[in-house]
Amino acid sequence: ADDNERALISHVFADPAVMDGAAGQLRPDDFRLPLYSQAWSILTTLHQRGEPLDILPFADEAARRGWASDFPAATLAELMDPCGSPATWAYHVSRITEASKRRKLVYLLRDAERRASDGGNVDELIAQATEGFGGILDNGKREERFPSLSCAELAKSESNLHYYIDGLLVDGQPGGLLGPRKSL
């Protein structure tokens, strides 16, 4: 799977049009290695903003997120080094998706086994497992049930959102659940 992850990222740098097809099919958590997950997150952000998918905007975004040390020149050169033909991007997306589903399935089953061994409520375990299976099956077609804001969006927000519920603000990532103002 790691070779597929690296190949897909190199394809995006070689032919940015690849991102048009791949962006909606993968999320950073579909990548096994944190480095590739971070790279995909950066590429997705640049793509959403309509910025060039090139080394300079990539390095600037990595630095903005505090990830510059994760992407030294040698790593950037490796990510940009062509790895096969960009025409094979769909194959790599399918392999990454399959590997991601396998990892999530293994985690789900191990967690269910642990909870069942600890004497968890069987009906709750089945409900949680069913929901987890649905999440794995819907990979790439996920919809956010609640609005989310990045740190930057929250900082400049002029919305009427009043409260922030239990979450960690990480720039470029969802900031938590937000709800409208309510009167008590």
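Reference entry: report on the structure contained in this document. (Residues numbered from 1 in each chain as written. Predicted model: local features only at pLDDT ≥ 70, side-chain atom pairs only at ≥ 80, totals over all residues. Heavy atoms only, no water.)

1. Regarding the overall build of the protein chain
Along the backbone of the protein chain there are eight helices and two strands. Helices and strands in the protein chain line up, N terminus first, as α-α-α-α-α-α-α-α-β-β. Here the protein chain holds 184 residues, and 31% of them are scored as buried. Restricting the contact set of the protein chain to residue pairs at least 6 apart, pairs at least 24 apart contribute 61%. Accessible surface computed for the protein chain: about 11300 Å², of which carbon and sulfur atoms make up 55%. (Helix = DSSP H or I, 4+ residues; strand = E, 2+ residues; numbered from the N terminus. Buried < 20%, exposed > 50% of the residue type's maximum accessible area, 1.4 Å probe, protein only. Contact = heavy atoms within 4.5 Å. Areas by Shrake-Rupley, 256 points an atom, 1.4 Å probe, with all protein chains shown as cover.)

2. Overview of the environment of Ala129
As for its placement among the helices and strands, Ala129 is situated in helix α7 (residues 122-137). Separated by 20 residues in the primary sequence, Ala129 and Leu109 place their C-alpha atoms 7.9 Å from one another.

3. A closer look at α7
Counted at 1.5 Å a residue, the expected span for α7 with its 16 residues is 22 Å, and the 22 Å between its end C-alpha atoms agrees. Residues of α7 that are buried include every one of Leu125, Ala129 and Ile136, and no others. Down the axis of α7, the smallest arc covering the buried residues is 30°, so these residues share one side. Exposed residues pointing more than 90 degrees away from the buried face of α7 are listed as Asp123 and Glu131. (Expected span 1.5 Å × (residues − 1). Arc of directions from axis to C-beta.)

4. Quick notes on helix α3 (residues 34-49)
The first and last C-alpha atoms of α3 sit 23 Å apart over 16 residues, in line with the 22 Å expected at 1.5 Å per residue. Those residues of α3 that fall on the buried side of the exposure criterion are Tyr36, Ser37, Gln38, Ala39, Trp40, Ser41, Ile42, Leu43, Thr44, Thr45 and Leu46. In this structure, the buried residues of α3 make contact with α1 (2-14), α2 (18-22), α4 (55-64) and α5 (73-80). At the exit of α3 stands Gly50, carrying a positive phi of roughly 75°.

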